[in-house]
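Chain by chain, the residues run as shown.
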Amino acid sequence: MSDAAVNTKPEAEAEQDLTDGFHLIIDAMKLNGLDTIYGVPGIPISDFGRMAQAAGIRVISFRHEQNAGNAAAIAGFLTKRPGVCLTVSAPGFLNGLTALAHATTNCFPMILVSGSSEREIIDLQQGDYEEMDQLAIAKPFCKAAYRILYAQDIGIGVARAIRAAVSGRPGGVYLDLPAKLFGQVMDAEAGRKSLVKVIDAAPAQIPAPEAVKRALDVLKGAKRPLIVLGKGASYAQADDAIRAFVEKSGAPFLPMSMGKGLLPDAHPQCAGAARSTVLKESDVVLLIGARLNWLLSHGKGKAWGDAPKKFIQIDIEPKEMDSNVEIVAPIVGDIGSCVSALLAAMGGNWPAAPADWTAVVSKKRDENVAKMAPKLMNNNIPMDYYGALGVLRTIVKERPDAILVNEGANTLDLARGAIDMYQPRKRIDVGTWGVMGIGMGYAIAAAIETGKPVLAVEGDSAFGFSGMEIETICRYKLPVCIVIFNNDGIYRGTDVNPTGSPDPAPMVFVKGARYDKMIEAFGGVGVHVTSPDELKRAVNAAMDSGKPTLINAVIDPAAGSESGRIGNLNPQSKLKKK
Ligand code: ADP
Ligand code: TZD
Ligand code: MG
């Protein structure tokens, strides 16, 4: 602009310092410590992404929104701050929606921020570019959904989104930002004043003293107590209190998949390897941040045996109580406060857990561990799951601060059992839905949020759902080592099409596929391995180098079983097979 042009402006306007929607959203995020965005750019959010990066926000640009959304979801789990996913309108938004629903289902705080069209066009259905009534569509999939129409509301809108995501039971929040909002201009000082720094976003929720006493009375009366540690306990970051409580109680504990490592799996009280015994035979079960959903057989039926059982449950969500079976001692509050209150009320002379019970559990555990040990040491070629997992088990033991991402069916279920975890929040996996596709999004966010090396153990099918993000991993030079358990298919690679047509069976993939070649296209390291020994060398080299690496580990196509450990959930035809 020439001096002359400036000089012709009215004095007041020339001096007015202005801001706009772009800057206010960025400032609101930074003010609240939201320092990373996972997303895919395009109309109307391309410039927003550029400006966010220029303003010091870390912007991780993905190849598909679902993976960016999964990254945001797990970032929320790992940090207790909402992970932010940024998408374009309609199709981009819908691609991110699966991850938003996943975050909500798993109780992970995340905010899906999506650009959208203007209300006046959407509401008259006039056919805008990527038009969709996103706010209405998002609502059933999240805890809360908000739209911001005016620049002066950005501060409040972002604050509401943060609070909704992390307070109470955490979950997904949708934030709708119509294109015009970004360019709306307002006075900079008024803009600054409109921003809100969220104070105490997830307030402590202190349990009632009677609830604590009631629970301890039940626990004290137990002959065969069991503590179940779920991913809510991991999320709570009350690691020391949980450990102290479990140890003081002396009770066996059973970690759920993402509860592993809160106390080490090698801990003398860990009943992970005696799961069926403790479920069946316990008489009092204390759930800490674990729901009695399908993963715990709804707290009843064959898996829980015939012996009468009393359930104590700690959860921040009051409606979770009695959702499947009666909870005789509900403790509603945040896990940190609840566990600390239990510890305090236990006093100095809490009785040891009954020795006959702990002996039964230890014996069973040791037997099962001993049974598994030789399997994990086998050197078969082609490898079976155990031979490959034995190697990874040792590597994780030697590198306990690495983050393990895990998805697949057999690759998931067998790895969960075989690989011991030693630290909290180091195992992240398919979660409550058993969903495929979290792998690369989780791996990327785990590397970005923690700065630790990541080992992603992936079924070949599971990997396919997010595999294109290996380009993202290479682009951002992340220390991620992906091991693909390549058994040529879903569960097994041996199915054949019974009709004799050249179409392959629905469960199998290209035989002998070389996934390792894919990452080489992006400058990463690809390795093809067929033996446990080769696998060990390749993973160790990758973890030492920190270079993006993809290891194609050939697994016997006949080694897996239908649906891994949950084949019983498949409906069966009663008709005779023709
Ligand atoms: P898992 O799959 O490991 O069994 P779930 O996802 O079923 O675990 O259960 C997690 C539970 O933890 C949810 O019911 C959720 O409300 C609860 N939760 C999450 N964070 C907290 C917290 N900070 N305090 C109390 N409960 C929490
Ligand atoms: N689609 C989505 C989104 N989630 C799913 N869970 C499935 C489909 C169904 N499914 C499973 O439950 S496991 C699985 C699918 C497709 C893949 C299993 O094959 P894999 O693992 O290669 O990943 P294994 O080692 O061969 O069993
Ligand atoms: Mg497979």
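Given the structure is predicted, the values throughout are model-derived calculations rather than measurements.

## With respect to the pairing of strand β9 (residues 225-229)
Taken across its 5 residues, β9 has 5 buried, putting it largely inside the fold. Residues of β9 alternate between two faces, with Pro225, Ile227 and Leu229 on one and Leu226 and Val228 on the opposite face, all of them buried. Pairing of β9 with strand β11 (residues 284-288), which is carried by 5 bridges, proceeds in the parallel orientation. Within β11, the residue paired with isoleucine 227 across the bridge is leucine 286. The pairing of β9 with strand β10 (residues 253-255) spans 3 bridges and is parallel. Bridged to isoleucine 227 within β10 is phenylalanine 253.

## Overview of the site of ligand 2
Lining the immediate surroundings of ligand 2 are 17 residues, of which Tyr385, Asn410, Thr411, Gly434 and Asp460 lie closest. Taking threonine 411, its side chain carries an N or O atom lying 2.6 Å from an oxygen atom of ligand 2. Between ligand 2 and serine 461 there is a distance of 3.0 Å, counted from an oxygen atom to a backbone nitrogen or oxygen. About the coverage of ligand 2: the protein hides 76% of its 600 Å² of free accessible area. Of all the secondary structure elements, the ones that give two or more residues to the shell around ligand 2 are α19 (410-418) and α21 (460-464). With 3 residues, α21 is the largest single contributor of residues to the shell around ligand 2. Its residues placed into classes, the shell around ligand 2 shows 8 nonpolar, 8 polar and 1 charged.

## Here we look at the sheet that holds strand β16 (residues 454-459)
Taken in spatial order, the 6 strands of this open sheet run β15-β14-β16-β17-β19-β18, and their pairing is parallel. In the strand order of this sheet, the two ends are held by β15 (427-429) and β18 (525-529), each with one partner. On average, adjacent strands in this sheet sit at an angle of 15° to one another, irrespective of strand direction. Bridge analysis of β16 against strand β17 (residues 480-486) gives 6 bridges, and the strand direction is parallel. By the bridge assignment for β17, leucine 455 is matched with cysteine 481.

## Quick notes on the pattern of salt bridges
The final tally for this structure, using the stated rule, is 25 salt bridges. Of the charged contacts in the structure, one is a salt bridge between arginine 416 and aspartate 413, with a shortest N-O distance of 3.3 Å. Remark: aspartate 413 and arginine 416 occur in helix α19; sequence separation between them is 3 residues, near one turn of the helix. Overall, aspartate 413 belongs to the buried group, its relative accessible area being 8%. Linked through salt bridges whose partners overlap, the residues forming this network are Arg63, Glu471 and Arg475.

## With respect to the nonpolar core
If you look at the biggest cluster of nonpolar residues, it comprises 97 residues, and the most contacted ones within it are Tyr38, Ile428 and Ile482. The two domains that each donate at least three residues to this core are domain 1 (16-194) and domain 3 (377-563). Sequence-distant contacts of isoleucine 428, defined by excluding residues within four places in its chain, comprise Ile74, Phe77, Leu78, Met258, Ile403, Leu404, Val405, Asn406, Tyr442 and Ala446. In this structure, Val212, Leu216, Phe245 and Ala251 belong to the second largest nonpolar core, which totals 34 residues.

## Details of the side chain of serine 337
Relative to the assigned elements, serine 337 resides in helix α16 (residues 335-346). The exposure class assigned to serine 337 is buried, which follows from its relative accessible area of 16%. A polar side-chain atom of serine 337 sits 2.5 Å from a polar atom in the side chain of aspartate 334.

## Overview of the sheet that holds β9
The 5 strands lie next to each other as β10-β9-β11-β12-β13, forming an open sheet whose pairing is parallel. Across the chains shown, the open sheet's two edge strands, defined by having one partner strand only, are β10 and β13 (329-332). Ignoring which end each strand starts from, the neighbouring axes of this sheet average 15° apart. Relative to the sheet, helix α12 (residues 209-220) contacts β9, β11, β12 (310-315) and β13, its axis offset from that of β13 by approximately 140°.

## Overview of the packing of aromatic side chains
Tallying each qualifying case throughout the model produces 8 aromatic pairs. For the ring pair phenylalanine 48 and phenylalanine 182, a centre distance of 5.7 Å and an interplane angle of 55° mean the geometry is tilted. You can see phenylalanine 48 sitting in helix α4 (residues 46-54) and its partner phenylalanine 182 sitting in helix α10 (residues 179-183), a full 134 residues away along the chain. Each member of the pair phenylalanine 48 and phenylalanine 182 is classed as buried.

## A short note on the side chain of glutamate 320
The topology assignment puts glutamate 320 in the loop between β12 and β13. Excluding anything up to four places from it in sequence, glutamate 320 contacts Arg169, Arg291, Leu292, Gln313 and Asp315.

## Brief notes about the domain arrangement of the chain
Partitioning the chain into domains gives domain 1 (16-194), domain 2 (209-363) and domain 3 (377-563). Using C-alpha coordinates to define each centre, domain 1 is positioned 38 Å away from domain 2. In this assembly, domain 1 packs against domain 2 so that about 1100 Å² is buried in total across both faces, 56% of it on carbon and sulfur atoms. In terms of surface lost to domain 2, no three residues of domain 1 exceed Phe77, Lys80 and Arg169, which account for 59% of the buried area on that side. The interface formed by domain 1 and domain 2 holds 1 salt bridge in total. A salt bridge links arginine 169 to glutamate 320, with the nearest nitrogen and oxygen atoms 2.8 Å apart. Inspection of the region where domain 1 meets domain 2 yields 5 residue pairs in polar contact (both at pLDDT 80 or more).

Rules used in this analysis
Residues numbered from 1 in each chain as written. Chains lettered and ligands numbered in written order. Predicted model: local features only at pLDDT ≥ 70, side-chain atom pairs only at ≥ 80, totals over all residues. Heavy atoms only, no water. Buried < 20%, exposed > 50% of the residue type's maximum accessible area, 1.4 Å probe, protein only. Helix = DSSP H or I, 4+ residues; strand = E, 2+ residues; numbered from the N terminus. Pairing = 2+ DSSP bridges. Near = heavy atom within 4 Å. Polar contact = N/O pair within 3.5 Å; in protein donor to acceptor, adjacent residues only side chain to side chain. Areas by Shrake-Rupley, 256 points an atom, 1.4 Å probe, with all protein chains shown as cover. Nonpolar A, V, L, I, M, F, W, Y, C, P; charged D, E, K, R; others polar. Axes fitted to C-alpha atoms, helices over the stretch in contact; angles between N-to-C directions. Salt bridge = Lys/Arg side-chain N within 4 Å of Asp/Glu carboxyl O. Core = buried A, V, L, I, M, F, W, Y, C linked by side-chain atoms within 4.5 Å. Domains from an automatic or database assignment. Contact = heavy atoms within 4.5 Å. Phe/Tyr/Trp six-rings, centres within 6.5 Å; stacked < 30°, edge-to-face > 60°. Buried area = accessible area lost by both parts, 1.4 Å probe.

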